[in-house]
Amino acid sequence: MGKRSQNKQLFTHLSKKQKKHLKEFGEEHPFHDVVGARPERTEIVELPASPEHSDDESNELEEEEEEPEQKTAYQKLLSTLSQPTGNDQSEEESTDDEEEEEEFLDEGDNDGVGDDSESGEEDEGGEEEPEDADEALTEAVEGEEKEPGAEEFIDKENESQFCLETNFIDEGGPEDTNSTAEHENGKDMFLQHLDTELVEEDVQKITSGSKAKAQIMWPKLGTLLCSHPLERFGSIGPQKDTNLPRFHKLLETRWKNLNQASDPKGVAEEISPLQLELLALMGCYKDLYHPESCPLNQGPQVQSAYCLHILNHVLKANSQVLAHNAQLREQKTQAKAGAEPQDEPRDQGITRPKVLILVPFRGGALRVVQTLISLLETKGRKIVVNNKKRFKEEFGEEAEDKPPNLQRPEDYSAIFSGNVDDHFRIGISIVRSSMRLYSPFYSSDIIIASPLGLRTLLGAEGEKKRDFDFLSSIEILVVDQADVFLMQNWEHLLHVIKHMNLQPLDSHGVDFSRVRMWNLNNWAKHYRQTLVFSSIQDPQINNILTKHCANYRGQVATKNMPKTGSICQVLVQLPHVFQMFPSDSFMDHDARFQFFLDKVLPQYRDSIMSHTLIYIPSYFDYVRLRNHMKKEEINFASICEYSSKSEVSRARHFFQKGDKQFLLFTERFHFYKRYTIKGIQNLIFYGLPSFPHFYSEVCNMLAAGGQGEEASWTCTALYSRYDAHKLAAISGAQRTGQMLHSNKTVHLFITGGEDKAS
């Protein structure tokens, strides 16, 4: 970011004549050359007697190698001019103050909203705006022409200090007593989970998909739906009968101050009952799906809870390896004395990374690392964290990045707080309560990344340079803020999950005598615990656990139906007409499209029904509807996540003035921008919003226009029987049950006065 701001300052110092000359000729006029304080060194070169024997060949080679490294000011400026930016200089004529404020956010949003385009994955490079303008072309083709991560900083200097193979546990240290106690006490779920040996019959039962299901109530989490493929690893019991996990010695005195660790500057709060229940569930090593992790309420508590769980897991695993290293060293000395050699303990995976945490933005990764560091530190002892300063610079947020007077909803501020770059990956290794950031992946214990950051490294089938072996031995996968991934590119997340726990293509120097047998049998996916946290219930998120997870211990999912829906937050007097259309599957886009053309659109074609906004959750449905309206020559404007600032400004202006009868409006645009669209008199929800509060936000926009009378306002929403979760979040669980089981296909609700329904 520093280079970009420097380039902008240099560009603003030029006059209009200088800028014109720079664009036309690619360099500044010689008259304006700035003579540096240090003159260039003049070299006197003697020509050789024979061109075949030149004494200055080495000097020439050195000069050629140094030339590309020395960039002049106009070369840097030229590189910034050659890159397409999201904020065009020609768009300064826009008079909308709200959009001028949004200019600051365009940098963080570009890739997150630019993934599900018609051209597919090719849009990734075009939609991203790199932090450094000089490296724009390099990042645009990352993963194709150059090795992914070739220009990333990787700490290789401290390899020996954080290497598990060459380190031994300190005698009499805290880890030594802890590891001994763990081996003596077989009740530790960490050891029970990893030491369990499956047989072929068990694996066949797991892969067959047949599961026993049970339902139980816990005080804070509510209704828990449990499923397990193997009978001997049954359902969880009541909350009072479920014990907390045994914590590593380094965490025994710190884990109760969990909330203070996640917010060091805040007031110390005791660990909440919700966190205790989450820790008990995660300690059972079952898969967990918790769709109530709202960034405003439960989000911070959930994040600190899973940070404690994964840190406890990593510390125990590394302590076990270090303790066995010490035992093997003793055995070697005894073997020289004539004692019988013993079998080496199997305590490792094929590769070292044990935990993968997927978060949508760099700001989330920063909060995770800060929580991990705080959990390892005590009041009187600070831990050593390598490359901490560099990490804060790259993952922190500068004060200039955020506009001061931007007014947005609280959930928007919570999601987009901090650095919102969504292309990153970082490895973390932990040994003896010391932490190394930017460690090489194959020397890391924890990997924190965005799906896009890993996608460019994993590559696609058929590419020459691919690397996914570091995911072969992942034991815990955390998918945090899965609902935000829906607003990015969901395919990137699925691509990463499909490459988890595959048989590696290379050994990477592993000692196979120390590798667990289930890793060698390619059964690692049956031992992987997957933790998925989201603020909404969505079939695509639920599909992760049903289709891509095969934990032999089973799964636990929170299933609480909302009692009141977001329709209660609509403040305007408005009739809401919910129309149900027949559908054969959740992804039946054809049935929705045909129903809209036959039943809904003809009602709004009359000129009387002007100022109609059509809210479309799916970008592909948006493209289909837009193409149809162009073909039918319908008077409409459109706004999507790919629209330029000037296109958005024109569409809003024409729609508000009534020059355009329809306005197509995508959900992702609303998610990333939250503009208030003025002039709406009629609303059509082509599909129910993924986020229930979006329904009330869009409905309340009718009051912002100041046009028309409330009596003429209308709202129509389409749904099918596969939209039960979304419908319940909007209208409430009780009404949803009545609507889905009713013989009627049209239901009316009126807001703004007395609550009536028919």
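Throughout what follows, the structure given in this document is the object of discussion. (Residues numbered from 1 in each chain as written. Predicted model: local features only at pLDDT ≥ 70, side-chain atom pairs only at ≥ 80, totals over all residues. Heavy atoms only, no water.)

**Observations concerning the sheet that holds strand S3 (residues 287-290)**
A sheet is described by the order of its strands in space; here 11 strands give the open sequence S1-S2-S11-S3-S10-S9-S4-S8-S6-S7-S5, paired in mixed fashion. Each edge of the open sheet carries a strand with a single partner, namely strand S1 (212-218) and strand S5 (385-386). Pairing geometry for S3 and strand S11 (residues 555-558), over three bridges, is parallel. In the strand pairing of S11, Tyr-289 is matched with Ala-557. Of the strands in this sheet, S3, strand S10 (529-533) and S11 are in contact with helix H22 (residues 539-548), which crosses S3 at around 170 degrees. (Pairing = 2+ DSSP bridges. Helix = DSSP H or I, 4+ residues; strand = E, 2+ residues; numbered from the N terminus. Contact = heavy atoms within 4.5 Å. Axes fitted to C-alpha atoms, helices over the stretch in contact; angles between N-to-C directions.)

**Some remarks on the pairing of strand S8 (residues 446-449)**
The alternating pattern of S8 places Ile-446 and Ile-448 and Ile-447 and Ala-449 on opposite faces, both of which are buried. For strand S4 (residues 355-358) and S8, the ladder comprises four bridges, and the chain directions are parallel. Looking at the pairing, Val-355 lines up with Ile-446 of S8. (Buried < 20%, exposed > 50% of the residue type's maximum accessible area, 1.4 Å probe, protein only.)

**Some remarks on the packing of helix H29 (residues 724-731) against helix H30 (residues 733-741)**
Two elements in contact, H29 and H30, have axes whose closest approach is 7 Å; the angle formed by their N-to-C orientations is 130 degrees. The pairing of H29 with H30 is recorded here as oblique in orientation. Considering only the axes of H29 and H30, their crossing is right-handed. Residue-level inspection shows Ala-724, Leu-727, Ala-728 and Ser-731 of H29 in contact with H30, the latter providing Ala-733, Arg-735, Thr-736, Met-739 and Leu-740. Considering only residue class, the contact of H29 with H30 consists of six nonpolar, two polar and one charged. (Parallel < 35°, antiparallel > 145°, perpendicular 65-115°, else oblique. Left-handed = near helix turned anticlockwise from the far one by under 90°. Nonpolar A, V, L, I, M, F, W, Y, C, P; charged D, E, K, R; others polar.)

**Quick word on unusual backbone geometry**
Positive phi values are uncommon outside glycine, yet Tyr-285 reaches one of about 60 degrees. Within the secondary structure, Tyr-285 sits in the loop between helix H13 (273-283) and S3. Despite not being glycine, Tyr-438 has its phi angle at roughly 65 degrees, a positive value. Summarising the element assignment, Tyr-438 is placed in the loop between strand S7 (434-437) and S8. Taking the relative accessible area as the measure of exposure, Tyr-438 reaches 6% and is therefore buried.

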